[in-house]
Amino acid sequence: MSVKEKLKKVLIEDLNLEDVEPEEIEDDMALFGDGLGLDSLDAVELVVIVQKHFGVEIKDMEEGRPAFQTLSTLAQYIEERMA
Amino acid sequence: MRMAIQGIGITGSFGSGVASFRAALQTGSDRSALAVDDSPRYRAGIEGLDEFIPKRALRRIDHFSRMTLLGACQALKDADLLAADRSRIGVAIASGYGALNTTFNFLDSYLDFGYSCSSPTHFSNSVHNAAAAHVSIQLKTTAPSLTVTQFEMSVPSALLSAQQWLAEGRVDQVLFGAVDESCEVLNYCREQFFGAGEKGPLRPFAFSEQSAVAGEGAVFFVLTRADHGANYGYVDEVILGNHLVCPLNLPQDDLFIIGADGHKECGSFYAELLNGRAAAAYAPLYGSFPAAAGFDLAAAAVSLGDRTLYASSDPVSSGVTSAIAPQKLDQGQLACLKFGSGGDYGLIRLSN
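Residues numbered from 1 in each chain as written. Chains lettered and ligands numbered in written order. Predicted model: local features only at pLDDT ≥ 70, side-chain atom pairs only at ≥ 80, totals over all residues. Heavy atoms only, no water.

Asks: Mind showing me how you'd approach the nonpolar core here?
Replies: All names here are of chain B. Core analysis: the biggest nonpolar cluster contains 54 residues, and Phe176, Leu223 and Tyr282 have the highest contact counts within it. Take this core: its biggest share by element is ten residues, from helix 10 (residues 292-306). Among all residues touching Phe176, those that are not within four sequence positions of it are Ala92, Val155, Ala158, Leu159, Ala162, Val219, Phe220, Phe221, Leu223 and Leu297. (Core = buried A, V, L, I, M, F, W, Y, C linked by side-chain atoms within 4.5 Å. Buried < 20%, exposed > 50% of the residue type's maximum accessible area, 1.4 Å probe, protein only. Helix = DSSP H or I, 4+ residues; strand = E, 2+ residues; numbered from the N terminus. Contact = heavy atoms within 4.5 Å.)

Below, the structure is given as structure tokens:
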């Protein structure tokens, strides 16, 4: 399973997005605001999710901010640090 | 001060809503206990909650609080208050254990992955007042909000607070609820303590036997002062005490619904106090858990509303007392009697 596919799966499961299917999360859809509709508390959960499921620690939210733009940017951030 | 019961919301293994509960009282069977991992459990669903709360709004709300919200919304609907101004509705919730699954999930994540991987959502839901907070936020009830946990005495204890709010004029209505959830950690502990007794069937009148079966559910009542009538009847008196310190004398003319739920430790108190008097018990309909005292209260309220005391769901007599026969309730009083460990008791007297 690719990082993007796994990300979609854990986002839905861990954030309880019961009304969203994995295929509905587009690669370039904004994670926050009008896109997937996540909010500031989800940002904290995202830090936990990334560390728990991918072993990648986001120590600084300023560093994480660009990564949290879309599914693609987050997947890229994870892949770079997993390598 | 007398309190009037204006609405009821309820979810348990028999289904959700007053109609399902009434049907369970009428049929009196224990078919609702479902086997999970070879052990019977009474599990409650949350079907119908999306009628009241959008699905997206529920995503940070755990099963415990979802049961709570369903019961609260149904009670408001039953009292015809869903569209009313809710700024003077207080929320008082009784729970023996609170949101156990979320609490243990949070602790597990902390132990397995460290504090940096502990979910903030799990933490916020593990706080005991979280369910009451969800009710207040989702239903926009801005009057006092409180959760009382006092194990088996949680229901009468929280009911005293609701009564006090109404007497003080701090609120016009109280959404009073009782909630507990099934939890594998708790069930494991119960099996260690009670062994084969957890296998059921639950027999409330076998006072000297351990036959408790774990259950879960939520029940809510809309309570008001008794000035303008009641849809289901009145709570006349709430008494808490300890029978070993100050012996309880049962009111002579009341019919009793006892909270006997198959716990041998408490059985002898019921046997002694009833001393041959017939009583009703409905624990085989919803299982054994501290908040089940609220289900007993719902059984009393429905009985008063229907003017019928339904037959106990366990017709087996222990020889000390017997299950009451179904009867008409034209006049007179009902009382819910619940014993906890060590002689603690709660007595809630009702009338129509």
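Asks: Help me understand the interface of chain A and chain B in this model?
Replies: Interface size is often expressed as the accessible area that is lost when the parts come together. Of the residues lining the interface, 17 residues belong to chain A; the matching set on chain B comes to twelve residues. For the chain A and chain B pair, buried surface summed over both sides reaches about 1300 Å², with 45% attributable to carbon and sulfur atoms. The three residues of chain A that bury the most area against chain B are Glu18, Glu45 and Lys52 of chain A, which together make up 34% of that side's buried surface. Summed over the shared surface of chain A and chain B, the result is five salt bridges. Between Arg60 of chain B and Asp39 of chain A there is a salt bridge, with its nearest N and O atoms 2.5 Å apart. (Buried area = accessible area lost by both parts, 1.4 Å probe. Salt bridge = Lys/Arg side-chain N within 4 Å of Asp/Glu carboxyl O.)

Asks: Before we go on, may I ask you to explain the pairing of strand 8 (residues 217-225) of chain B in this structure?
Replies: Walk down a regular strand and you will see the side chains alternate between the two sheet faces. All names here are of chain B. Where burial is concerned, most of strand 8 is hidden: eight out of the nine residues are buried. Across eight bridges, strand 1 (residues 3-12) lies against strand 8 in antiparallel orientation. Each bridged residue has a counterpart across the sheet, and for Met3 the counterpart in strand 8 is Arg225. In this sheet, strand 8 lies alongside strand 7 (residues 173-180) in antiparallel orientation, the contact comprising eight bridges. Looking at the pairing, Asp180 lines up with Gly217 of strand 8. (Pairing = 2+ DSSP bridges.)

Asks: What's the story with the UniProt feature "domain: Carrier" (unreviewed entry) in chain A in this structure? I'm lost.
Replies: As annotated in UniProt, the feature "domain: Carrier" (unreviewed entry) corresponds to residues 1-82 of chain A in the numbering used here. Span residues 1-82 of chain A is 56% helix and 0% strand, its end C-alpha atoms 15 Å apart. (UniProt positions renumbered as here; feature names shortened; annotations may be inferred.)

Asks: Which parts of the structure should I look at to understand the side chain of Asp42 of chain A?
Replies: As for its position among the elements, Asp42 of chain A is in helix 2 (residues 40-54). For Asp42 of chain A, a relative accessible area of 1% gives the class buried. A polar atom in the side chain of Asp42 of chain A sits 2.9 Å from the side chain of Arg60 of chain B. (Polar contact = N/O pair within 3.5 Å; in protein donor to acceptor, adjacent residues only side chain to side chain.)

Asks: Would you mind showing me how to read the environment of Trp165 of chain B here?
Replies: Residue and element names in this part refer to chain B. When you line up the elements, Trp165 lands in helix 6 (residues 154-168). Its relative accessible area of 6% is what places Trp165 among the buried residues. Between the C-alpha atom of Trp165 and that of Pro144, which follows or precedes it by 21 residues, the distance is 8.5 Å. In contact with Trp165, other than residues within four places in its own chain, are Gly90, Val91, Ala92, Pro144, Ser145, Leu146, Arg170, Val171 and Val174.

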